[in-house]
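# Observations on the three-dimensional arrangement
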Amino acid sequence: MDKFETLTGIAAPMPLINIDTDMIIPKQFLKTIKRSGLGVNLFDEMRYDDDGNEIPDFVLNKPQYREAEVLVAGDNFGCGSSREHAPWAIKDFGIRCVIAPSYADIFYNNCFKNGILPIALPQEQVDVLMKDAEKGANARMTIDLEAQTVTSSDGEVFSFEVDAFKKHCLMNGLDDIGLTMEKAASIDTFEAQASQSRPWV
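Residues numbered from 1 in each chain as written. Predicted model: local features only at pLDDT ≥ 70, side-chain atom pairs only at ≥ 80, totals over all residues. Heavy atoms only, no water.

## As for the side chain of D132
- Relative to the helices and strands, D132 is located in helix α5 (residues 123–133).
- For D132, a relative accessible area of 3% translates into the label buried.
- In this view, D132 contacts A139, M141, S152, S153 and D154; residues no more than four positions away in its chain are not counted. (Helix = DSSP H or I, 4+ residues; strand = E, 2+ residues; numbered from the N terminus. Buried < 20%, exposed > 50% of the residue type's maximum accessible area, 1.4 Å probe, protein only. Contact = heavy atoms within 4.5 Å.)

Encoded structure:
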C-alpha cells in the first residue's frame, strides 16, 4: 500500500449528501477481485449516459478536475452496502483524500486499509473547502497527515482528528497484510519452535 504523508492536489467539489457505495461503484462492476481498473467506472451512472458517453456537466468529466486527487463531498459519504470496491475505485481514479462532514463507518475504515485518507470536518469548514474546490485546477489544497491539517489554496488552515493507529498505518503504507508482515520474525521463530516441539504436526 502507498504511504500517505502529504498531498497537494486539485480538489473536486461534489456537494451531494448521502453518496452511497452504489453511486460510487455500481453493482455490475463488483465481479472483479482486482483493485485496479475500477477507476474508469467511478460514479459510472452519474458520469456516463446510457450509450457510454461522458456527461460533460459531471464534475470529474470537466477538464479542470480530471486529475483531481482530493474529493470534497457532502454528509454521510460512503453509506449503503459495505463494498470494498468503492475505495478501490476511488483510489484507482487517483483520489487519495476525501473530505466530508461524516462517513459511513465501514467505508471510512475501508479507506484507511486502501491508502485513502478520509477527513471529517464540521459542515462550515467543508463549505469553505467546497467553495475553494469550485475554483478549479488553479486552486490546490494541501493535506498534511503528520500535522493533521488541510490548507486551502488561500492559505486557510483547518485541523482534523484521526485515530493514532490508523494514522500510523497510512503514513507507513501498512494494510492488514503489511501489519502482519511487520511481525514476520516473531512468526518465523514461533513456527520453528512449534516444529521442534511438535514434529508430528
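## Here we look at the pairing of strand β4 (residues 117–120)
- Pairing analysis gives four bridges linking strand β3 (residues 97–100) to β4, with the strands arranged parallel. From the neighbouring strand, A100 faces β4, where its bridge partner is A120.
- The β-α-β motif built from β3, the intervening helix α4 (residues 105–113) and the parallel element β4 has right-handed crossover chirality. (Pairing = 2+ DSSP bridges. Right-handed = clockwise from strand over helix to strand, strands pointing away.)

## A few points about the packing of helix α3 (residues 85–93) against α4
- One way to put it is that α3 packs onto α4 with a least axis distance of 9 Å and a crossing angle of 45°. Comparing their axes, α4 and α3 come out oblique. The interaxial crossing formed by α3 with α4 has right-handed handedness. Facing A86, P87 and I90 of α3, the residues of α4 in contact are F107, N110 and C111.
- A per-class count over the contact of α3 with α4 returns five nonpolar, one polar and no charged. (Axes fitted to C-alpha atoms, helices over the stretch in contact; angles between N-to-C directions. Parallel < 35°, antiparallel > 145°, perpendicular 65-115°, else oblique. Left-handed = near helix turned anticlockwise from the far one by under 90°. Nonpolar A, V, L, I, M, F, W, Y, C, P; charged D, E, K, R; others polar.)

## Side note on the pairing of β3
- Burial of the side chains of β3 extends over both faces: C97 and I99 are buried on one face and V98 and A100 on the other.
- Relative to β3, strand β2 (residues 70–73) runs parallel, the two sharing three bridges. Considered in β3, the bridge of L71 is made with V98.
- Assessed by its sense of winding, the connection that carries the chain from β2 through α3 to β3 is right-handed.

## What about the pattern of salt bridges?
- Taken as a whole, this structure holds five salt bridges when the rule is applied.
- For R66, the salt bridge identified is with E54, shortest N-O distance 2.5 Å. Here the residue R66 occupies a position in the loop between α2 (44–47) and β2, and E54 occupies one in the loop between α2 and β2, the gap between them amounting to twelve residues.
- Exposure remark for R66: the relative accessible area of 37% places this residue in the partly exposed category.
- Its salt-bridge partner being D132, residue K135 comes within 3.3 Å of it at the nearest N-O pair.
- Several salt bridges converge on common partners, so that one network encompasses D132, K135 and D154. (Salt bridge = Lys/Arg side-chain N within 4 Å of Asp/Glu carboxyl O.)

## Regarding the packing of aromatic side chains
- Under the definition given, this model contains six aromatic pairs.
- Centroid distance F77 to Y103: 6.3 Å. Interplanar angle 80°. Geometry classified as edge-to-face. Linking F77 in the loop between β2 and α3 with Y103 in the loop between β3 and α4, this pair joins segments that are 26 residues apart in sequence. In this structure, F77 and Y103 share a single accessibility class: buried.
- Seen in terms of ring centroids, Y108 and F112 are 5.1 Å apart; in terms of plane orientation they differ by 75°. Their pairing is edge-to-face. Of this pair, Y108 and F112 are both found in helix α4, four residues apart, which corresponds to roughly one turn of the helix. An identical accessibility class is assigned to Y108 and F112; each is buried.
- Here the aromatic residues F77, Y103, F107, Y108 and F112 are joined through ring pairs into a cluster of three or more. (Phe/Tyr/Trp six-rings, centres within 6.5 Å; stacked < 30°, edge-to-face > 60°.)

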